[in-house]
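Summary of the model geometry
Below are the chains, spelled out letter by letter.
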Amino acid sequence: RKEVEQDPGPFNVPEGATVAFNCTYSNSASQSFFWYRQDCRKEPKLLMSVYSSGNEDGRFTAQLNRASQYISLLIRDSKLSDSATYLCVVRFGDTNAGKSTFGDGTTLTVKP
Amino acid sequence: DTEVTQTPKHLVMGMTNKKSLKCEQHMGHRAMYWYKQKAKKPPELMFVYSYEKLSINESVPSRFSPECPNSSLLNLHLHALQPEDSALYLCASSQSVLNTGELFFGEGSRLTVL
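Report on the accompanying structure. Treat the numbers as computed from the prediction; the structure is a model and nothing was measured.

What counts and what doesn't
Residues numbered from 1 in each chain as written. Chains lettered and ligands numbered in written order. Predicted model: local features only at pLDDT ≥ 70, side-chain atom pairs only at ≥ 80, totals over all residues. Heavy atoms only, no water. Contact = heavy atoms within 4.5 Å. Buried area = accessible area lost by both parts, 1.4 Å probe. Salt bridge = Lys/Arg side-chain N within 4 Å of Asp/Glu carboxyl O. Polar contact = N/O pair within 3.5 Å; in protein donor to acceptor, adjacent residues only side chain to side chain. Helix = DSSP H or I, 4+ residues; strand = E, 2+ residues; numbered from the N terminus. Pairing = 2+ DSSP bridges. Axes fitted to C-alpha atoms, helices over the stretch in contact; angles between N-to-C directions. Disulfide = S-S within 2.5 Å. Buried < 20%, exposed > 50% of the residue type's maximum accessible area, 1.4 Å probe, protein only. Phe/Tyr/Trp six-rings, centres within 6.5 Å; stacked < 30°, edge-to-face > 60°.

So, the interface of chain A and chain B
- Contacts between the two partners involve 22 residues from chain A and, on the opposite side, 25 residues from chain B.
- At the boundary of chain A with chain B, total buried surface from both sides reaches about 1800 Å², with 54% on carbon and sulfur atoms.
- Among the residues of chain A in contact with chain B, Glu43, Arg91 and Phe102 of chain A are the three that bury the most area, contributing 29% of the side total.
- Here chain A and chain B share 1 salt bridge between them.
- In this structure, Lys99 of chain A engages Glu58 of chain B in a salt bridge whose closest nitrogen and oxygen atoms are separated by 3.2 Å.
- Summed over the shared surface of chain A and chain B, the result is 4 residue pairs in polar contact (both at pLDDT 80 or more).
- Among the elements of the structure, strand S4 (30-38), strand S9 (84-92) and strand S10 (100-102) of chain A are those that each provide at least two residues to the side of chain A that touches chain B.
- In terms of residues, the side of chain A that touches chain B owes the most to one element, S4 of chain A, which gives 5 residues.

Written out as structure tokens, the structure is:
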């Protein structure tokens, strides 16, 4: 079983749609959680950190459920510019300090 | 604009060449990383430097040799590479390995081995 598993996608949605991505992680010692966005042939860029209390940034909402070892990303009112690959990233603390594990990514295409 | 700068952006080399990739950050971060990314795959960790010392080597072949001359610079020396080593090489930094905050990535060096 992979340490971090994401919805395989791809997701093809019309503009204005709401889309949700899910991610599960297997290591209960995981400490920090992030969603990164990666455009084609570009570097990953931080979209949001994910906190237990949930957090929202405009059209984007991220949630963490430590009991179920699950994180999610919700995008409301999708824009064409949201088309990208979304990477779920889990960072570890002391025992694997410095390691971040990436999910395989979920590709989103928003169509007019 | 990214605060982690990588050079060169593109590199083509033969299997007998020796070349180096360079990475620089001026955010005062004490952890620096090399990742390798193949097309349609997530980044894979290669090396982690913490306070200029190598702390993680993910069983990377010796034809890749990292170097951290100071807290702002990270190099990856390449020698006798294989065509399958062609990939995007990403440098990243973070405050420290124990601070589980975000990674900041450079734009990457796209390597082609002929």
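Topic: the sheet that holds strand S8 (residues 70-75) of chain A
Residue and element names in this part refer to chain A.
- On the basis of which strands lie adjacent, the open sheet formed by 5 strands has the order S1-S3-S8-S7-S6 and antiparallel pairing. Across the chains shown, the open sheet's two edge strands, defined by having one partner strand only, are strand S1 (4-6) and strand S6 (55-57). Strand-to-strand twist in this sheet, taken as the mean axis angle between neighbours without regard to direction, amounts to 15°.
- Here 3 bridges tie S6 to strand S7 (residues 60-65), and the two strands are oriented antiparallel to one another. In the sheet register, Asp57 faces S7, and the bridge partner there is Phe60.

Some thoughts on the state of the cysteines
All names here are of chain A.
- In the structure shown here, the tally under the stated rule is 2 disulfides over all chains.
- Paired through a disulfide, Cys23 and Cys88 show a sulfur-sulfur distance of 1.9 Å. Residues Cys23 and Cys88 are joined by a disulfide whose S-S torsion is about -75°; by sign, that bridge is left-handed. Note that Cys23 is positioned in strand S3 (residues 19-25) and Cys88 in strand S9, a separation of 65 residues in sequence.
- We classify Cys23 as buried; its relative accessible area is 0%.

Considering the packing of aromatic side chains
- If you walk through the whole model with that rule in mind, you get 11 aromatic pairs over all chains.
- Note on Phe102 of chain A and Tyr35 of chain B: the rings are 5.6 Å apart at their centroids and 75° apart in plane angle, and the pair reads as edge-to-face. Of the two residues, Phe102 of chain A sits in strand S10 while Tyr35 of chain B sits in strand S4 (residues 31-37), which places them in two different chains. Of the two residues examined, Phe102 of chain A and Tyr35 of chain B, each falls in the buried class.
- Through a chain of ring-to-ring contacts, three or more aromatic side chains come together here, namely Phe34, Tyr36 and Phe102 of chain A together with Tyr33, Tyr35 and Phe105 of chain B.

Examining the sheet that holds strand S1 (residues 4-7) of chain B
All names here are of chain B.
- Read from one edge of the open sheet, 4 strands run S1-S3-S8-S7, paired in antiparallel fashion. Each edge of the open sheet is held by one strand with a lone partner, namely S1 and strand S7 (64-70). Neighbour-to-neighbour, the strand axes of this sheet turn through a mean angle of 20°, independent of strand direction.
- Across 4 bridges, the pairing between S1 and strand S3 (residues 18-25) is antiparallel. In the strand pairing of S3, Thr7 is matched with Lys22.

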